[in-house]
Amino acid sequence: MSGIGVLALQGDFVEHIKTFSSLGVSAQEIRKANQISDLDALVIPGGESTTISYLMDLYNFRSAIKDAASSDLPIWGTCAGLILMANNLKEDIPIPLSLMNINVSRNAYGRQIDSFKDSINFSFDRENPFPGVFIRAPKILDIDENVDVICTLNDGEIVGVKQGNKLGTSFHPELTTDNRFHKYFIDLVYS
Ligand code: GLN
């Protein structure tokens, strides 16, 4: 088995799979920890991070993902996925996977009703902003110097980060028709 796996425990995994498939890349739902070792890359989707974390523990995903990450598997987390990739979380739960040197706070833009859309400056296509969909989104509070900023809001707020082949976005490219972010990840994985 190969291709891009999308963690399918909870959240909007279907939308990621549809976008990768529309770009001609093989993508599959990951529901068992033993599927991880054969993948070319993994996406941890948006959803509810405490629920995803609970299910990751229930089905023994934690060590499988951490092992694959340390063997250099490219991993991209969106929203709840970003929360789970952090090495530091302001809140006590969930326990994140510590895959990126970032400090994150959950629900830091407010409640569900405070969800918003905004245009995002995108380091790999500076001419054309990206439509940002933020749903009860986390904030990236701090990053270490080995983490690159790849997406910001107009006021400079960091909303997308890259550390080697690990990516985190506080917004949801999978919920838009703009597939440039998925193309960017595909290039990172396959070129
Ligand atoms: N607020 C959610 C959490 O804490 C994340 C929201 C999302 O993924 N859209 O897990």
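Only a predicted model underlies this, so the values are computations on that prediction, with no experimental measurement involved.

## Overview of the site of the ligand
1) Next: Contacts to the ligand come from Gly46, Gly47, Glu48, Ser49, Cys79, Ala80, Ile83, Arg106, Asn107, Ile135, Arg136 and His172.
2) Next: Here an oxygen atom of the ligand sits 2.5 Å away from a polar atom, N or O, in the main chain of Ser49.
3) Next: The contact in question runs from a nitrogen atom of the ligand to an N or O atom on the backbone of Ile135, over 3.0 Å.
4) Next: Taking 300 Å² as the accessible area of the ligand by itself, protein coverage stands at 95%.
5) Next: Judged by its atoms lying within 2 Å of the grid points, the ligand is housed in the largest pocket.
6) Next: A breakdown of the residues in the shell around the ligand according to their chemical character gives four nonpolar, five polar and three charged.

## Here's the deal with the pattern of salt bridges
1) Next: Following the criterion strictly, the structure yields five salt bridges and no others.
2) Next: Ionic pairing is found between Arg180 and Asp125, a salt bridge with its closest N-O pair at 2.9 Å. Placement of the pair is Arg180 in helix α5 (residues 180-190) and Asp125 in the loop between β7 (116-122) and β8 (130-134), with a sequence separation of 55 residues.
3) Next: Since its relative accessible area comes to 19%, Arg180 is described here as buried.
4) Next: Residues participating in the shared-partner salt-bridge network are Asp125, Asp178 and Arg180.

## Some words on a nonpolar patch on the surface
1) Next: On the surface, a nonpolar cluster with roughly 350 Å² of combined accessible area is contributed by Tyr54, Leu58 and Tyr59.
2) Next: On the basis of relative accessible area, Leu58 is assigned to the partly exposed category, the value being 45%.

## Observations regarding the environment of Ser26
1) Next: The topology assignment puts Ser26 in the loop between α1 (13-22) and β2 (27-30).
2) Next: Owing to a relative accessible area of 48%, Ser26 belongs among the partly exposed residues under this scheme.
3) Next: Ser26 sits 16 residues away from Gln10 along the chain, and the two C-alpha atoms are 20 Å apart.
4) Next: Sequence-distant contacts of Ser26, defined by excluding residues within four places in its chain, comprise Ser2, Gly3 and Ile4.

## Details of the sheet that holds strand β9 (residues 139-143)
Adjacent strands of a sheet form backbone hydrogen bonds with each other and so pair up, either parallel or antiparallel.
1) Next: Judged by pairing direction, the sheet is mixed, and its three strands sit side by side in the order β5-β6-β9 without closing on themselves. Each edge of the open sheet is held by one strand with a lone partner, namely β5 (86-89) and β9. Between one strand axis and the next, the sheet turns by 35 degrees as a mean value, whatever way the strands run.
2) Next: Relative to β9, strand β6 (residues 100-105) runs antiparallel, the two sharing four bridges.

## Examining the packing of aromatic side chains
Aromatic ring pairs are reported here in terms of the distance separating the ring centres and the angle at which the planes meet.
1) Next: Applying the stated rule across the entire model yields 16 aromatic pairs.
2) Next: With centroids separated by 6.2 Å and ring planes inclined at 75 degrees, the aromatic side chains of Phe130 and Phe181 adopt a geometry described as edge-to-face. Of this pair, Phe130 sits in strand β8 while Phe181 sits in helix α5, placing them 51 residues apart in sequence. For the residue pair Phe130 and Phe181, the accessibility class agrees, reading buried in each case.
3) Next: The interplanar angle of 50 degrees and the centroid separation of 5.8 Å between the aromatic rings of Phe134 and Phe171 together place this pair among those described as tilted. One end of the pair, Phe134, is in strand β8; the other, Phe171, is in the loop between β12 (166-169) and α5, with 37 residues separating them in the sequence. For the pair formed by Phe134 and Phe171, the shared burial category is buried.
4) Next: Taken together, Phe20, Trp76, Tyr109, Phe116, Phe122, Phe124, Phe130, Phe134, Phe171, Phe181, Tyr184 and Phe185 form an aromatic cluster joined through their ring pairs.
5) Next: Taking the ring centre of Tyr109 as reference, the NZ or CZ of Lys139 above it sits at 4.8 Å.

Cut-offs used in this document
- Residues numbered from 1 in each chain as written.
- Predicted model: local features only at pLDDT ≥ 70, side-chain atom pairs only at ≥ 80, totals over all residues.
- Heavy atoms only, no water.
- Near = heavy atom within 4 Å.
- Polar contact = N/O pair within 3.5 Å; in protein donor to acceptor, adjacent residues only side chain to side chain.
- Areas by Shrake-Rupley, 256 points an atom, 1.4 Å probe, with all protein chains shown as cover.
- 1 Å grid on protein atoms, 1.4 Å probe; cavity = no way out; pocket = protein on both sides within 12 Å on 5 of 7 lines; lining within 4 Å.
- Sits in = over half its atoms within 2 Å of the grid points.
- Nonpolar A, V, L, I, M, F, W, Y, C, P; charged D, E, K, R; others polar.
- Salt bridge = Lys/Arg side-chain N within 4 Å of Asp/Glu carboxyl O.
- Helix = DSSP H or I, 4+ residues; strand = E, 2+ residues; numbered from the N terminus.
- Buried < 20%, exposed > 50% of the residue type's maximum accessible area, 1.4 Å probe, protein only.
- Patch = residues over 30% accessible without salt bridge, like charges linked within 9 Å, V, L, I, M, F, W, Y side chains within 5 Å.
- Contact = heavy atoms within 4.5 Å.
- Pairing = 2+ DSSP bridges.
- Axes fitted to C-alpha atoms, helices over the stretch in contact; angles between N-to-C directions.
- Phe/Tyr/Trp six-rings, centres within 6.5 Å; stacked < 30°, edge-to-face > 60°.
- Lys NZ or Arg CZ within 6 Å of the ring centre and 35° of its normal.

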